[in-house]
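Here's the letter readout for the chains.
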Amino acid sequence: MEKAPIQNYRKIIHIDMDAFYASVEQRDNPEYRGIPLVVGGLPQGRGGVVATASYEARKFGIRSAMSSKRALQLCPHATFVRPRFDAYKEASQKIREIFSRYTDLIEPLSLDEAYLDVTTDKLNIGSAIDIARQIKQAIKDELQLTASAGVSINKFVAKTASDINKPNGLTFIGPSAIEAFMEKLPVEKFFGVGKVTAQKMKSMGLHTGEDLKKLTEDEMVKNFGKAGRFYYQIVRGIDNREVQPHRETKSVAAEDTFPYDLTAIEEMEAELDKIAATVCKRLQTYELKGRTITLKIKYSDFKQITRNQSFATGLNDFETITSIAKKLLAATDPEEKKIRLLGISLSNFGEVVVKHKEEKPTDQLKLFEF
């Protein structure tokens with residue numbers, strides 16, 4: 001009797017630093033250790049947003065992208081500090097150097113997060129679990145920081161696994177365990193399923209991966225659009241994406257679908273502040289400056305429009321991004337319709353040659369595909 005062929009699986013590790021910005025601050029400043037620490041905009045300022053909160057602060061419900069004023073309400077005795085991106089970039093570079101001891105197939109997602117393909121590793125260790133354990137220990141010994149790691153056969157499962165036992169966790173989900181793991185996973189824990197989508201799923205009686213598997217692929221697409229096809233695959237543990245070490249970033253974006261339609265300009269502008277803060281953080285993480293700002297709007301009737309403005313020089317600061325986004329919004333008569341989604345993206349990262357010194361930034365308002 002012939003034996004079944006042995007399946008060759010990839011060995012993927014997802015490394016996610018624990019409360020990275022806050023942990024660097026606590027490492028460098030002993031007075032911040034053991035206390036609720038919030039890194040981001042100060043609550044006294046206009047439009048301040050939380051970038052990262054220490055685990056001591058998270059116990060009070062403080063989360064990234066929350067307004068600093070709301071964070072202060074949740075924890076009046078929290079300490080707020082402004083980000084020091086140079087310090088975070090330096091730490092991130094040293095972490096990347098640790099990764100490169102084991103593999104060159106590294107796909108950074110941000111300063112504090114990356115995928116590693118160790119199917120073939122430089123040191124011939126062979127075990128992805130042992131490699132993840134060594135990386136975590138090296139980060140702790142050399143940088144006095146902690147990381148959580150997820151190990152599996154593809155990117156999606158590895159990323160999901162890294163979030164299970166935070167902080168300082170190491171979770172392995174092998175091929176034979178993936179199906180059962182996915183069936184028990186709550187829908188809100190699936191990467192790519194946001195709060196609004198999770199609420200919709202639960203309203204349909206879909207609470208776990210096992211519930212999602214009851215829907216056909218066509219039913220998933222009908223209920224969740226193009227993302228439904230992705231959900232259909234990942235709930236079965238299927239993810240064929242390769243680790244891409246040289247992925248080119250063409251745009252940086254963030255958006256939010258609201259639990260209720262926005263009708264007041266004050267509400268819309270408050271949401272744009274939060275979205276702009278997220279985009280700004282990502283731009284600074286990748287050290288990018290975009291010359292085109294795009295605003296995306298989806299109305300309650302699902303009609304979608306985009307408006308953009310281009311500049312002769314790149315930018316990545318919060319004040320400019322949020323002010324331009326609000327200007328683009330105002331030009332659409334926003335209070336005439338109900339808005340269910342807002343998004344901001346920056347693109348056009350290449351160098352620009354200005355032909356004439358007196359040339360001014362272009363100011364374009366046009367409709368195009370986002």
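A brief look at the structure comes next. Quantities reported herein were computed from a predicted structural model and do not represent experimental measurements.

## Observations regarding a negative patch on the surface
Link 1 in the chain: Together, Glu266, Asp333, Glu335 and Glu336 line one region of the surface with negative charge.
Link 2 in the chain: Here Glu336 is to be found in the loop between helix H13 (318-330) and strand E12 (339-347).

## Here we look at the packing of aromatic side chains
Link 1 in the chain: Counted by the stated rule, this structure contains nine aromatic pairs.
Link 2 in the chain: Relative to Tyr88, the ring of Phe85 has its centre 5.9 Å away and its plane inclined at 80 degrees; by these criteria the two rings are edge-to-face. Of this pair, Phe85 and Tyr88 both sit in helix H4 (residues 85-99), separated by three residues, roughly a single helical turn. An identical accessibility class is assigned to Phe85 and Tyr88; each is buried.
Link 3 in the chain: Between Phe156 and Phe190, the aromatic rings sit 6.0 Å apart at their centres with planes inclined by 20 degrees, giving stacked as the arrangement. Pair noted here: Phe156 is in helix H6 (residues 155-162) and Phe190 is in the loop between helix H7 (178-184) and helix H8 (195-203), with a separation of 34 residues, a long-range link.

## Concerning the environment of Lys274
Link 1 in the chain: By secondary structure assignment, the location of Lys274 is in helix H12 (residues 265-285).
Link 2 in the chain: Distance from Lys274 to Met66, taken between C-alpha atoms, is 7.4 Å for residues 208 residues apart in sequence.
Link 3 in the chain: Every residue in contact with Lys274, bar those within four places of it in the chain, is listed here: Val49 and Ala65.

## Some remarks on the pattern of salt bridges
Link 1 in the chain: Scanning all chains against the criterion turns up 21 salt bridges.
Link 2 in the chain: Across the salt bridge formed by Lys166 and Asp18, the nearest N and O atoms sit 2.6 Å from each other. Separated by 148 residues along the polypeptide, Lys166 in the loop between H6 and strand E8 (170-172) and Asp18 in the loop between strand E1 (12-17) and helix H1 (20-28) bring together distant segments of the chain.
Link 3 in the chain: Note on Lys166: relative accessible area 24%, which makes it partly exposed.
Link 4 in the chain: With relative accessibility at 1%, the residue Asp18 sits in the buried group.
Link 5 in the chain: Its salt-bridge partner being Glu107, residue Lys155 comes within 2.9 Å of it at the nearest N-O pair. Of the two residues, Lys155 is situated in helix H6 and Glu107 in strand E5 (residues 106-110); the sequence distance between them amounts to 48 residues. Assigned by exposure class, Lys155 and Glu107 land together as buried.
Link 6 in the chain: Residues joined in a network through salt bridges with shared partners are Glu25, Arg27, Asp28 and Arg84.

## Brief notes about H4
Link 1 in the chain: Between the first and last C-alpha of H4 there are 21 Å, a value that for 15 residues agrees with the 21 Å anticipated at 1.5 Å per step.
Link 2 in the chain: Listed in full, the buried residues belonging to H4 are Phe85, Ala87, Tyr88, Ala91, Ser92, Ile95, Ile98 and Phe99. Burial along H4 is one-sided: seen end-on, the buried residues are contained in an arc of 155 degrees. Relative to its buried face, H4 has exposed residues pointing more than 90 degrees away, namely Asp86 and Gln93.

## Let's talk about the packing of H1 against H4
Link 1 in the chain: Following both chains from N to C, one finds H1 and H4 inclined at 100 degrees, their axes separated by 10 Å at the closest point. The orientation of H1 with respect to H4, classified from their angle, is roughly perpendicular. Packed against H1, whose contacting residues are Phe20, Tyr21, Val24 and Glu25, the element H4 presents Phe85, Ala87, Tyr88, Ala91, Ser92 and Ile95 at the interface.
Link 2 in the chain: Residues belonging to the contact of H1 with H4 are distributed by class as follows: eight nonpolar, one polar and one charged.

## Digging into unusual backbone geometry
Link 1 in the chain: Cis geometry is adopted by the peptide bond preceding Pro167, which originates at Lys166 and carries an omega value of -5 degrees.
Link 2 in the chain: Note on placement: Pro167 falls in the loop between H6 and E8.
Link 3 in the chain: Notably, Asn124 is not glycine yet its phi reads approximately 55 degrees, a positive angle.
Link 4 in the chain: Of note in this structure, Asp333 is not a glycine but carries a positive phi near 55 degrees.
Link 5 in the chain: Mapped onto the secondary structure, Asp333 falls in the loop between H13 and E12.

## Considerations on the packing of H4 against helix H5 (residues 128-143)
Link 1 in the chain: For the pair H4 and H5, the least separation of the axes is 10 Å and the interaxial angle reads 140 degrees. Taken together, the axis directions place H4 and H5 in an arrangement best described as oblique. Crossing hand, H4 versus H5: right-handed. Where H4 approaches H5, its residues Ala91, Lys94, Ile95, Ile98 and Phe99 are matched on the opposing element by Ile135, Ala138, Ile139, Glu142 and Leu143.
Link 2 in the chain: Of the residues contributing to the contact of H4 with H5, the split by class is eight nonpolar, no polar and two charged.

## Side note on the environment of Ala254
Link 1 in the chain: Assignment of secondary structure puts Ala254 in strand E9 (residues 251-262).
Link 2 in the chain: Distance in space between the C-alpha atoms of Ala254 and Gly343 is 5.7 Å, their sequence separation being 89 residues.
Link 3 in the chain: The contact partners of Ala254, leaving out residues within four places of it in the chain, are Ile275, Thr278, Val279, Arg282, Gly343 and Ile344.

## Details of the environment of Ala57
Link 1 in the chain: Looking at where Ala57 falls in the secondary structure, it is placed in helix H2 (residues 55-58).
Link 2 in the chain: Distance from Ala57 to Phe181, taken between C-alpha atoms, is 30 Å for residues 124 residues apart in sequence.
Link 3 in the chain: Ignoring sequence-local partners within four residues, the contact set of Ala57 consists of Pro36, Leu37, Val38 and Ile62.

Cut-offs used in this document
- Each chain carries its own residue numbering, running from 1 in the direction its sequence is written.
- Reporting in this predicted model follows two pLDDT cut-offs: at least 70 for local features of residues, and 80 or more for side-chain atom pairs to be given and counted; totals over whole chains, interfaces and linings ignore these cut-offs and use all residues.
- Calculated side-chain values reflect all of the structure's heavy atoms, with hydrogen atoms and water omitted.
- To count toward a patch, a residue needs a relative accessible area over 30% and no salt bridge; like charges are then connected within 9 Å, while nonpolar side chains (Val, Leu, Ile, Met, Phe, Trp, Tyr) are connected within 5 Å.
- Exposure was quantified through the Shrake-Rupley algorithm and a 1.4 Å probe, taking into account, for residues, occlusion by the shown protein chains and nothing else.
- Whenever a carboxyl oxygen of Asp or Glu lies within 4 Å of a side-chain nitrogen of Lys or Arg, that contact is scored as a salt bridge.
- His is not counted, nor are the chain ends; Lys and Arg add positive charge and Asp and Glu add negative charge.
- Taken as the charge location is NZ of Lys, CZ of Arg, CG of Asp or CD of Glu.
- Going along the chain from the N terminus, every DSSP run of H or I of four or more residues is numbered as a helix, and every run of E of two or more is numbered as a strand.
- The pairing test for Phe, Tyr and Trp rings, Trp by its six-membered ring, is centres within 6.5 Å, and the orientation test on the planes gives stacked under 30 degrees, edge-to-face over 60, and tilted for anything in between.
- Exposure categories follow from relative accessible area, calculated using a 1.4 Å probe and restricted to protein chains: below 20% of the type maximum is buried, above 50% is exposed, and the middle band is partly exposed.
- The criterion used for residue contact is that any of the two residues' heavy atoms lie within 4.5 Å.
- For a helix, the expected span equals 1.5 Å multiplied by the number of residues minus one.
- Taking the helix axis as origin, the arc is that swept by the directions to the C-beta atoms.
- Each axis is a line fitted through C-alpha atoms, and for a helix only the stretch in contact is used; angles between axes span 0 to 180 degrees, taken between their N-to-C directions.
- Every angle not falling under 35 degrees, over 145, or within 65 to 115 is termed oblique; those three ranges are roughly parallel, roughly antiparallel and roughly perpendicular.
- Put simply, Ala, Val, Leu, Ile, Met, Phe, Trp, Tyr, Cys and Pro go in the nonpolar bin, Asp, Glu, Lys and Arg in the charged bin, and everything else, Gly too, in the polar bin.
- Helix crossings get a hand from a simple test, with the near helix turned counterclockwise from the far one by less than a right angle marking a left-handed crossing and a clockwise turn marking a right-handed one.

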